[in-house]
Amino acid sequence: METMNPDLEYLLDELDESVKWTLATSVVVEEKGGTFTADQILSSSSNKWMKLPEVVAVAYDLVNSTQLGLGRHDTSSARIYQSGVEGAVRSLNAYGADFIDIQGDGGFGLFWGEKAYERALCSAITIKTFSLKFVERLTAKYGEELPDTGFKVGIHSARTLVKKIGTLRKKDEQEAVWAGKPVNYAYKCAQASEAHVLIVTDKVWQKFKNNDYVVYSCGCPDEDNRITEPTNVIWTEGANSKLPDDENIVHVLGSAWCVNHGAEFSEAIMSGKTNRDDISEHIRQEQVEKMAKALERKEAKERQARRDRVNRL
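No experiment lies behind these values; they were computed from the predicted model shown.

**Student:** Which residues make up the pattern of salt bridges, and what values go with them?
**Tutor:** On inspection of all chains with the given rule, the structure shows seven salt bridges. For the salt bridge of K32 with E30, the shortest nitrogen-to-oxygen distance reads 2.7 Å. Its salt-bridge partner being E30, residue K48 comes within 2.9 Å of it at the nearest N-O pair. Taken together, the residues span a long stretch of sequence, with K48 in strand 2 (residues 48-62) and E30 in strand 1 (residues 28-31) at a distance of 18 residues. For E30, a relative accessible area of 26% corresponds to the partly exposed category.

The structure is reproduced here in structure tokens:
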């Protein structure tokens, strides 16, 4: 391959002209529904962007990935990366992700259309469950030299625009660009998380806050083998400083799919079931009170955000 040595002055002038032309060119935004597929994304030469009114993004990131290759043979590093990333991608694919993008040791899956929220949540919990077994196997093979690692996961949903961008007339140098909050916020949630932990934005939580299969634990014995009843403490509320103040409320899940009930709960969520008969009244009342307090905090944050915006005017 011949080494390229462009005329730098000409190149910079040409890039500036391209920006000038693009900013002056009319752009068409065409809204699409749930039947839209990734192969319909238009190329860079088109002046049209596709708009999806609601996309659920699941982002995953491997903790301390840069340290996984240190002091190891290249073959070992390759096996670690391949087995980990492939496991995360297969988890997205298994729940029918409409678009998957791999970015080094991380990536994201996008869901839209029918059961988008359910598919996204189940795939995210599957990734964090897989992460535990993945690290268990790495630890057994590499022992103490293995740094703390595992997948951290985030979810957000919002409208988005999409189009392929890249080198004109070279399709192999064009990639889909998803302009909007879904991927950006999902990554910020994943970045704020820890290994084997899922963080979802409040918008996503609102879709599941009344779903018994999501909110409550299954009630299996705890680590001390004590028989317990279903509880509402598997999720905690927090604030993500990486997000804007009026959108930074998040909900954190540390639990994974239960060995005994995971498949049942996944199937129930995907089937649209929401109610369970094994939740006691006092646990339900606790959840009602918990949600009421959460709503008060959310409304207080929104009032403060409005005051801050007025003060900046």
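There's more to say after this.
**Student:** With reference to specific residues and values, describe the packing of helix 3 (residues 116-142) against helix 7 (residues 262-271).
**Tutor:** Each packed pair of helices is defined by two parameters, the angle between the axes and the distance between the axes. Their axes nearest at 9 Å, the elements helix 3 and helix 7 cross at an angle of 160°. It follows that helix 3 is roughly antiparallel to helix 7 by the angle criterion. Like other packed secondary-structure pairs, helix 3 and helix 7 cross with a definite hand, here left-handed. For the pair helix 3 and helix 7, contact is made by E118, R119 and C122 and by S266, I269 and M270, respectively.

**Student:** Account for helix 3, naming residues and giving values.
**Tutor:** The end-to-end C-alpha distance of helix 3 is 38 Å, a good match for the 39 Å that 27 residues give at a rise of 1.5 Å each. Of the residues flanking the end of helix 3, it is G143, one or two places downstream, whose phi is positive at about 65°.

**Student:** Break down the pairing of strand 2 for me, with residues and values.
**Tutor:** Judged by how many residues are buried, strand 2 sits mostly within the fold: eleven of 15 residues are covered. Of the strand pairs in this sheet, strand 1 and strand 2 are connected by four bridges, and their pairing is parallel. The partner of E30 across the bridge, within strand 2, is M50. As defined by bridge partners, strand 2 adjoins strand 5 (residues 151-166) across eleven bridges and the pair is classed as antiparallel. Paired with K51 across the two strands is L161, which belongs to strand 5. Where strand 2 and strand 4 (residues 106-111) come together, five bridges link them in antiparallel fashion. Within strand 4, the residue paired with Y60 across the bridge is G107.

**Student:** Residues and numbers for the packing of aromatic side chains, please.
**Tutor:** Throughout the structure, instances matching the rule amount to eleven aromatic pairs. Seen from their ring centres, F130 and F134 are 5.6 Å apart, and the 20° between their planes marks the pair as stacked. Of this pair, F130 and F134 both sit in helix 3, four residues apart, which is roughly one turn of the helix. When its relative accessible area of 6% is taken as the criterion, F134 is described as buried. Following the ring pairs from residue to residue traces out a cluster consisting of F36, F99, F108, W112, W178 and Y187. Over the ring of Y142 we find K141; its NZ or CZ atom is 5.9 Å from the centre of that ring. Its guanidinium or amino end placed over the ring of Y213, R276 lies 5.9 Å from that ring's centre, counting from NZ or CZ.

**Student:** Can you tell me about the layout of surface pockets, naming the residues and giving the values?
**Tutor:** Empty space within the largest pocket amounts to approximately 790 Å³. Considering the residues around the largest pocket, the lining is formed by 31 residues, among which C218, S255, A256, W257 and C258 are closest to the centre. Secondary structure elements with two or more residues in the lining of the largest pocket: helix 3, helix 6 (212-215) and helix 7. Counting residues per element, the lining of the largest pocket draws most heavily on helix 3, which supplies four residues. Split by residue class, the lining of the largest pocket holds 16 nonpolar, eleven polar and four charged. Counted as a void, the second largest pocket has a volume near 660 Å³. If you go around the second largest pocket, you meet 20 residues; those closest to its centre are S18, W21, T22, S44 and L168. Listed by contribution, the elements that provide at least two residues to the lining of the second largest pocket are helix 1 (8-24) and strand 5. Considered class by class, the residues forming the lining of the second largest pocket number eight nonpolar, nine polar and three charged.

Definitions and limits used
Residues numbered from 1 in each chain as written. Predicted model: local features only at pLDDT ≥ 70, side-chain atom pairs only at ≥ 80, totals over all residues. Heavy atoms only, no water. Salt bridge = Lys/Arg side-chain N within 4 Å of Asp/Glu carboxyl O. Helix = DSSP H or I, 4+ residues; strand = E, 2+ residues; numbered from the N terminus. Buried < 20%, exposed > 50% of the residue type's maximum accessible area, 1.4 Å probe, protein only. Axes fitted to C-alpha atoms, helices over the stretch in contact; angles between N-to-C directions. Parallel < 35°, antiparallel > 145°, perpendicular 65-115°, else oblique. Left-handed = near helix turned anticlockwise from the far one by under 90°. Contact = heavy atoms within 4.5 Å. Expected span 1.5 Å × (residues − 1). Pairing = 2+ DSSP bridges. Phe/Tyr/Trp six-rings, centres within 6.5 Å; stacked < 30°, edge-to-face > 60°. Lys NZ or Arg CZ within 6 Å of the ring centre and 35° of its normal. 1 Å grid on protein atoms, 1.4 Å probe; cavity = no way out; pocket = protein on both sides within 12 Å on 5 of 7 lines; lining within 4 Å. Points joined across faces, edges and corners; volume = space filled by probe spheres on them. Nonpolar A, V, L, I, M, F, W, Y, C, P; charged D, E, K, R; others polar.

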